[in-house]
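Okay, here's what each chain looks like letter by letter:
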Amino acid sequence: MQKESPIREPLILGNKSYHDITMDVAKPVLAKANKMWWIVFGISLVLFVWWILSVGYTIGTGIGVWGLNKTVGWAWDITNFVWWVGIGHAGTLISAVLLLFRQKWRLSINRSAEAMTIFAVVQAAMFPLIHMGRPWLGYYVFPIPNNFGSLWVNFNSPLLWDVFAISTYFSVSFVFWYVGLIPDFAMIRDKVNEKYWPLRKKIYSILSFGWSGRAKDWQRFEEVSLVLAGLATPLVFSVHSIVSFDFATSVIPGWHTTIFPPYFVAGAVFSGFAMVQTLLLVMRKVVGLEAYITIKHVEYMNIVIMLTGNLVGIAYLTELFMAWYSGVEFEQYAFLNRATGPYWWAYWSMMTCNVISPQLMWFKKLRTNIVFTFILALFVNIGMWFERFVIIVTSIHRDYLPSSWTMFSPTFVDIGIFVGSIGFFFVLFLLYSRTFPVIAQAELKTIVKSSSEQYKK
Amino acid sequence: MSKKVIYGIFDDEEVLLKSVKEVRSKDISIKEVYSPFPIHGLDHALGLERTRLAIAAFIYGAIGCAVAIWMTYYIMILDWPQNIGGKPSFAYYLNMPAFVPIIFEMTVLFSAHLMVITYLFKCKLFPGQESASPDPRTTDDKFLMEIESDDDKTISTLLKKTGATEINVKEIA
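The rules behind these values
- Residues numbered from 1 in each chain as written.
- Chains lettered and ligands numbered in written order.
- Predicted model: local features only at pLDDT ≥ 70, side-chain atom pairs only at ≥ 80, totals over all residues.
- Core = buried A, V, L, I, M, F, W, Y, C linked by C-beta atoms within 7 Å.
- Buried ≥ 20, exposed ≤ 12 C-beta atoms within 10 Å, placed from the backbone.
- Contact = placed C-beta atoms within 7 Å.
- Pairing = 2+ DSSP bridges.
- Helix = DSSP H or I, 4+ residues; strand = E, 2+ residues; numbered from the N terminus.
- Axes fitted to C-alpha atoms, helices over the stretch in contact; angles between N-to-C directions.
- Domains from an automatic or database assignment.
- Nonpolar A, V, L, I, M, F, W, Y, C, P; charged D, E, K, R; others polar.

**Some points on the nonpolar core**
In step 1: V172(A) and V276(A) are the most contacted members of the largest nonpolar core, which has 176 residues in total.
In step 2: For V276(A), the contacting residues outside a window of four places in its chain are A90(A), I109(A), A113(A), M116(A) and M301(A).

Spelled out as structure tokens, the structure:
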């Protein structure tokens, strides 16, 4: 029996020459912003101001202005931290893991996904910082000697591992992103007309580090990208594993489980891809990149969402099984309380959004539908926020002493910092989409002859 | 006769690659090739050596690993041993499993950053550097071959014959 594999669908639509790609990527940077951009930017800016006020109030008065109490000592802040770090996983996964697997479809989306990663990690890092209460002493988390003001840091603590993991992840992701950006900044530098835009020319000239595209430079560029991908791949998996250690190494029922690292990593990729979908589906329309971010790209990402959603679903069920099988009544109660206790609505929102709704992706009609994908991506974002909320708050709101059982209710400061962080994130992303080359155009040009529509005929 | 520099501009990377092979087979040395994207096989055709950045990255990673091991040993065992949560710091090998995440992260941190710094240094890329490309179109869709020679006539004909769409000759003093 013979089977012929079908020809892969094109990843670049239309008759795009190298010059067309250049102009399509340079256009949003060189042209003026449209009305839509200003409206969204204005809303984000208002939220960002709310964030500044809430954070200022928190730092000025102390974290007593949050809704935390003696029983629930960790709530929205850590929920938001883990949520944002999780979102920040898709970018480096796309650029590193998909580079190692030689997936050509990553090239249209990796730049924006990496930008999203960096901005999401910035948001995430804010939460532990302001939770310190005295953020001006934040440098205590670094290994500095006793006579400097504190004892040495404790390397046995998962919270300290987190410091190292997040800062390494942030800086390496940033460098990976920037190495790829240099040739594209050089392209914009050469497209800016010095006569009309002398300052812009100067700025892009500085940003491009004087890149000129020599043969030896390109050879080194490819080697550096490959090695960075190799380094970033275990890094991606390590970061959320270490975040999960914050919980898994404690002795709280509901947290003390060995399944946490892979479960958190799957959840992170799940939420990260959902956020990439949310951003790119809007961006491809606003910036006019439909030829590069095609339905095929959307479908590939939806398949990743479906796969990781199912992994997360299996993890939920495994947790329930292990709680019953362990025979530990506290563990059993923690899970019973999650599903049927006062926070049942959070648990079932999580289940609906994360496990049930991605099952619709089995239908090709739905996973190639833009509007459906966008709505589903929002559901996943909400579901993943609830997952972290369920893990954190429902595990501690009823502890070993029933007299201290309580509920958590957020104050307007909690809400302000969370909603404001979304505003801050969008401010950064919108500024990025107007000033950066949003597609890795230099590398995209290498696949024109193998994957564009005109050469596929 | 004065020395001249000849710029052959190409529209297609495959044509350029063929031309590079042709020119090199005639024992003419190519000074530089500028292109908007990496061209597969160009380094081989130009006779460039393999880059050793990956080896450098490995060495940097090993340094990072060593620094992390020394740091955790010095801080936790040697300088200020503490009994934290009933887990005393008597010997490094007993506590080491708790330091694996730190050692891993430091290895990656050193390897990635030092490799990128080496890359920027070797390619002479830094803020304020001016582009060396003779033609700004080489970041868009043109491929440029730069040859220095006294005899610009022969080389121009050869480049034209092998597919260059534009030839520019400049005299250098």
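**Some points on the sheet that holds strand 1 (residues 4-10) of chain B**
All names here are of chain B.
In step 1: Here 4 strands make up an open sheet; going across it, the order is 2-3-1-4 and the pairing antiparallel. Each having just a single partner strand, strand 2 (32-34) and strand 4 (166-171) make up the two edges of the open sheet. Taken over all neighbouring pairs, the strand axes of this sheet differ in orientation by 20° on average, direction set aside.
In step 2: Strand direction decides the pairing type here: strand 2 and strand 3 (residues 143-149), joined by 3 bridges, are antiparallel. Counterpart to Y34 in the pairing with strand 3 is L144.
In step 3: Each of strand 1, strand 2 and strand 3 touches helix 1 (residues 13-25); the most contacted strand, strand 3, lies at about 20° to it.

**Looking at the pairing of strand 1 of chain B**
On a regular strand, one side chain projects to one face of the sheet and the next to the other, so that they alternate.
Residue and element names in this part refer to chain B.
In step 1: Burial of strand 1 is extensive: 5 of the 7 residues sit out of reach of the surface.
In step 2: Sheet analysis places strand 1 next to strand 3, joined by 7 bridges and oriented antiparallel. Bridge assignment links F10 to a residue of strand 3, and that residue is F143.
In step 3: Note: strand 1 against strand 4, 6 bridges, orientation antiparallel. Among the inter-strand pairings, G8 is bridged to a residue of strand 4, identified as I167.

**A word on the domain arrangement of chain B**
In step 1: Each domain of chain B was delimited in the assignment, giving domain 1 (4-48 + 135-171) and domain 2 (53-122).
In step 2: Distance from the C-alpha centre of domain 1 of chain B to the C-alpha centre of domain 2 of chain B: 47 Å.

**Overview of the interface of chain A and chain B**
In step 1: With 50 residues of chain A in contact, the opposing surface of chain B contributes 54 residues.
In step 2: Listing elements by their share of the side of chain A that touches chain B, those giving two or more residues are helix 1 (18-30), helix 6 (158-191), helix 8 (215-248) and helix 16 (441-445) of chain A.
In step 3: In terms of residues, the side of chain A that touches chain B owes the most to one element, helix 8 of chain A, which gives 16 residues.
In step 4: For the side of chain A that touches chain B, the residue count by class is 27 nonpolar, 14 polar and 9 charged.

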